[in-house]
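# Inside the fold
For reference, the chains in residue letters:
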Amino acid sequence: MNNAIGRVTSILSIPYGYTVTLWSAGALTVTRLGPPSTLDVLLFVLGAVTAFVALAGVGRTHLDAEVPMRVPAVVVMNLFPILAALGVIAFPVGAVSRSVGYFTGSFLATATYVVCLAGLIRMARALR
């Protein structure tokens, strides 16, 4: 059973962390800005996808031919959804319009999660 739990948590560690990150960004954005309109929801999606695709473009030359790539075991201890949520909270709500706030919330959460996780993987590999 321990082996099976280790296998499942290692497989789920990155998508689980991103799911928690994006859900918390959405919940925090709704709490801070109010219920979204249809346009706000689309902008939230666009913000997350924009950050993800932009960062994927930065790392594209280092992708393996097939995904998923192997990552260090330390990734299972992924606490970055907490940092991403704090990043969303830290963004000043009144600095942008409501619709831009929805875009920004998901963009910040996605970028924070991806960059922090990439930093952890880089550090773990450097220490090996």
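Heads up: these notes are all about the structure in this document. This one's a predicted model, so the numbers in the text were calculated from it and none came from an experiment.

Attention now moves to the nonpolar core. Core analysis: the largest hydrophobic core is formed by seven residues, namely Ala25, Leu33, Phe44, Ala84, Val88, Tyr102 and Ala109. Not counting the four nearest positions on each side in its chain, Ala84 is found in contact with Thr21, Ala109, Thr112 and Tyr113.

In this section: the environment of Ala118. Topologically, Ala118 is positioned in helix H4 (residues 98–127). Distance from Ala118 to Gly59, taken between C-alpha atoms, is 9.8 Å for residues 59 residues apart in sequence.

A cluster of nonpolar side chains, namely Val8, Ile11, Leu12, Tyr16 and Val20, defines an oily patch on the protein surface of about 490 Å² accessible area. Mapped onto the elements, Tyr16 comes out in helix H1 (residues 2–33).

Moving on to the side chain of Ser13. Secondary-structure assignment places Ser13 in helix H1. Exposure remark for Ser13: the relative accessible area of 7% places this residue in the buried category. At a separation of 3.2 Å, a polar atom in the side chain of Ser13 contacts the main-chain carbonyl oxygen of Ser10. Excluding residues within four positions of it along the chain, Ser13 makes contact with Val75, Val76, Asn78 and Tyr113.

Turning next to the environment of Leu117. Looking at the secondary structure, you find Leu117 in helix H4. Assessed through its relative accessible area of 6%, Leu117 is described here as buried. When the C-alpha atoms of Leu117 and Ile14 are compared, they prove to be 8.5 Å apart, with 103 residues separating the residues in sequence. Once residues within four sequence positions are removed from consideration, Leu117 is found in contact with Ile14, Val75, Asn78 and Phe80.

What the rule picks out here adds up to two aromatic pairs. Measuring from ring centre to ring centre gives 5.7 Å for Tyr18 and Tyr113, while their planes differ by 40°; the resulting arrangement is tilted. Taken together, the positions of Tyr18 in helix H1 and Tyr113 in helix H4 put the pair 95 residues apart, joining distant regions of the chain. Judged by centre distance (5.9 Å) and plane angle (20°), the rings of Phe103 and Phe107 are stacked. Note that Phe103 and Phe107 are positioned in helix H4 at a spacing of four residues, about one turn of the helix. Take Phe103: its relative accessible area is 24%, and that puts it in the partly exposed class.

Conventions adopted
- Residues numbered from 1 in each chain as written.
- Predicted model: local features only at pLDDT ≥ 70, side-chain atom pairs only at ≥ 80, totals over all residues.
- Heavy atoms only, no water.
- Core = buried A, V, L, I, M, F, W, Y, C linked by side-chain atoms within 4.5 Å.
- Buried < 20%, exposed > 50% of the residue type's maximum accessible area, 1.4 Å probe, protein only.
- Contact = heavy atoms within 4.5 Å.
- Helix = DSSP H or I, 4+ residues; strand = E, 2+ residues; numbered from the N terminus.
- Patch = residues over 30% accessible without salt bridge, like charges linked within 9 Å, V, L, I, M, F, W, Y side chains within 5 Å.
- Areas by Shrake-Rupley, 256 points an atom, 1.4 Å probe, with all protein chains shown as cover.
- Salt bridge = Lys/Arg side-chain N within 4 Å of Asp/Glu carboxyl O.
- Polar contact = N/O pair within 3.5 Å; in protein donor to acceptor, adjacent residues only side chain to side chain.
- Phe/Tyr/Trp six-rings, centres within 6.5 Å; stacked < 30°, edge-to-face > 60°.

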